[in-house]
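These are the residues of each chain, in order.
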Amino acid sequence: MSDDLESTKTPWWTLGFDVEGLVAALGALLVGILLGWLWSPLFWIGFTAMLVALAAGRRSKRTPPELDSAIVAPCDGRVVSIDRMEAPTEMRMEADVVNRIRIASSPTSTNKLYSPIAGDVDLASVEAGEATQFFATKPEMDGLCLAHVLVSRGTHQVGMRLAQGGFGPRLDLDVEVGDTVRLGRAFGTRRLGGWCDIYLPDGPDVMIWVGQSLVGGETVLARLAPIRDEDLFDDEVELAALPESSETEPEEGGDEAEPFAPEDPAQMFARLKEAAVKQEGD
């Protein structure tokens, strides 16, 4: 079989771990071993911390769809709700009404965040949460760690609000305002799950349903309306501004006809009078 048609990698092996997660897991295991020397039941404290660190550092390689107009899920999780609502002021979106898709991710979900569309980053901010809010049961709780990201492409905008417990370095963004991102590109890390509210334009039909499991960077949420070509739009405006075609008379010896418009009678009589006066003077 040709090399172009044969995969040389194991197709299901896409799992990996961040270096930070592996280092934290190793440190937790060593602490557990030291505690176990003092008293054997204490070993399980370090072992549990090791599992948490591995879960926080788990990532997966994703392959975005080859659809220029696709809007993909920004993270792994399950759809909690789909609502039509006013655009939040903190998202700085131009649209007044948007579709909000709320996604809940478990602590064992992969930790990467993926760009829902290809475009420019217009907003990227992170608000540190309170250390006392390690476990979050609702996305609107006080003291949570929050991040707001807005990606625009032409006249289209897609916003994201990420929320999770405020303890530890669990939410990092790898992009800044002005950066350009590709569809499905990893733009940040969110460890141990949380919530993601994604705000879509009101026009496209949502292609998912409540309760559906999403694969970050791959599952298509909706499709953007085609962007009208600016040059073509300008040409159409210029054509619309042209006057209606008038009657033409061909010139002698010429292949092309020039526009012909009847002369104003007042101007014709004035010119004849001027010629008559000039002739009398001669």
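Computed from a predicted structure; not experimentally measured.

A. The pairing of strand β5 (residues 97–105), seen in detail. When you tally the buried positions in β5, you get seven out of nine residues, the bulk of the element. Bridge analysis of β5 against strand β13 (residues 194–201) gives eight bridges, and the strand direction is antiparallel. Each bridged residue has a counterpart across the sheet, and for Asn99 the counterpart in β13 is Leu200.

B. Geometry of the sheet that holds strand β6 (residues 112–114). Judged by pairing direction, the sheet is antiparallel, and its three strands sit side by side in the order β6-β12-β10 without closing on themselves. Of all strands in the sheet, those with a lone pairing partner are β6 and β10 (171–173), marking the two edges. Direction aside, neighbouring strands of the sheet carry axes that sit 25 degrees apart on average. Pairing geometry for β10 and strand β12 (residues 186–190), over three bridges, is antiparallel. Across the sheet, Leu173 pairs through a bridge with Gly188, a residue of β12.

C. Fine view of the environment of Phe17. Of note, Phe17 is situated in strand β1 (residues 15–17). Residue classification places Phe17 among the partly exposed positions, given a relative accessible area of 32%. Distance from Phe17 to Ala55, taken between C-alpha atoms, is 8.8 Å for residues 38 residues apart in sequence. Not counting chain neighbours up to four residues away, the residues in contact with Phe17 comprise Leu22, Leu54, Gly57, Arg58 and Arg59.

D. Representation of the nonpolar core in the model. Of all hydrophobic cores here, the largest spans 29 residues; its most connected members are Ile101 and Ile198. Listed by contribution, the elements that provide at least two residues to this core are β5, β8 (145–153), β9 (156–164), β10, β13 and β15 (220–223). Within the second largest apolar cluster, seven residues are counted, among which are Met91, Met93, Val98 and Leu150.

E. Summary view of the packing of aromatic side chains. Per the counting criterion, the structure on display carries three aromatic pairs. Seen from their ring centres, Trp44 and Phe47 are 5.5 Å apart, and the 85 degrees between their planes marks the pair as edge-to-face. In this pair, Trp44 and Phe47 both sit in helix α2 (residues 43–56), three residues apart, roughly one turn of the helix. For Trp44, a relative accessible area of 51% puts it in the exposed group. Three or more aromatic residues link up through ring pairs in this structure, and these residues are Phe43, Trp44 and Phe47.

F. The arrangement of the sheet that holds strand β11 (residues 180–181) in detail. Pairing is antiparallel across the open sheet formed by eight strands, whose spatial order is β11-β7-β8-β9-β13-β5-β4-β14. Only two strands of the sheet have a single neighbouring strand rather than two, namely β11 and β14 (213–214). Bridge count for β9 against β13 is five bridges, and the pairing is antiparallel. Residue pairing in the sheet places Arg161 in a bridge with Asp197 of β13.

G. A look at a nonpolar patch on the surface. Among the surface-exposed residues, Leu26, Leu30, Ile33, Leu34 and Trp37 lie close enough to one another that they form a single nonpolar patch of about 560 Å² accessible area. Residue position: Leu26 is located in helix α1 (residues 19–38).

H. Quick peek at the packing of α1 against α2. Look at α1 against α2: their axes get within 7 Å of each other, and the N-to-C directions meet at 175 degrees. The pairing of α1 with α2 is recorded here as roughly antiparallel in orientation. For the pair α1 and α2, the contacting residues are Gly21, Leu22, Ala24, Ala25, Ala28, Leu29, Gly32, Ile33 and Gly36 in the first and Phe43, Gly46, Ala49, Met50, Ala53 and Leu54 in the second.

I. Spatial organisation of α1. Taking 1.5 Å of rise per residue, the 20 residues of α1 would be expected to cover 28 Å, and the 29 Å separating its terminal C-alpha atoms lies within 8% of that figure. By the burial criterion, the buried members of α1 are Gly21, Ala25, Ala28, Gly32 and Gly36. The arc that holds the buried residues of α1, viewed along the axis, is 75 degrees, so those residues lie on one side. Opposite the packed face of α1, turned more than 90 degrees from it, sit the exposed residues Val19, Glu20, Val23, Leu26, Trp37 and Leu38.

Quick notes on the rules
Residues numbered from 1 in each chain as written. Predicted model: local features only at pLDDT ≥ 70, side-chain atom pairs only at ≥ 80, totals over all residues. Heavy atoms only, no water. Buried < 20%, exposed > 50% of the residue type's maximum accessible area, 1.4 Å probe, protein only. Helix = DSSP H or I, 4+ residues; strand = E, 2+ residues; numbered from the N terminus. Pairing = 2+ DSSP bridges. Axes fitted to C-alpha atoms, helices over the stretch in contact; angles between N-to-C directions. Contact = heavy atoms within 4.5 Å. Core = buried A, V, L, I, M, F, W, Y, C linked by side-chain atoms within 4.5 Å. Phe/Tyr/Trp six-rings, centres within 6.5 Å; stacked < 30°, edge-to-face > 60°. Patch = residues over 30% accessible without salt bridge, like charges linked within 9 Å, V, L, I, M, F, W, Y side chains within 5 Å. Areas by Shrake-Rupley, 256 points an atom, 1.4 Å probe, with all protein chains shown as cover. Salt bridge = Lys/Arg side-chain N within 4 Å of Asp/Glu carboxyl O. Parallel < 35°, antiparallel > 145°, perpendicular 65-115°, else oblique. Expected span 1.5 Å × (residues − 1). Arc of directions from axis to C-beta.

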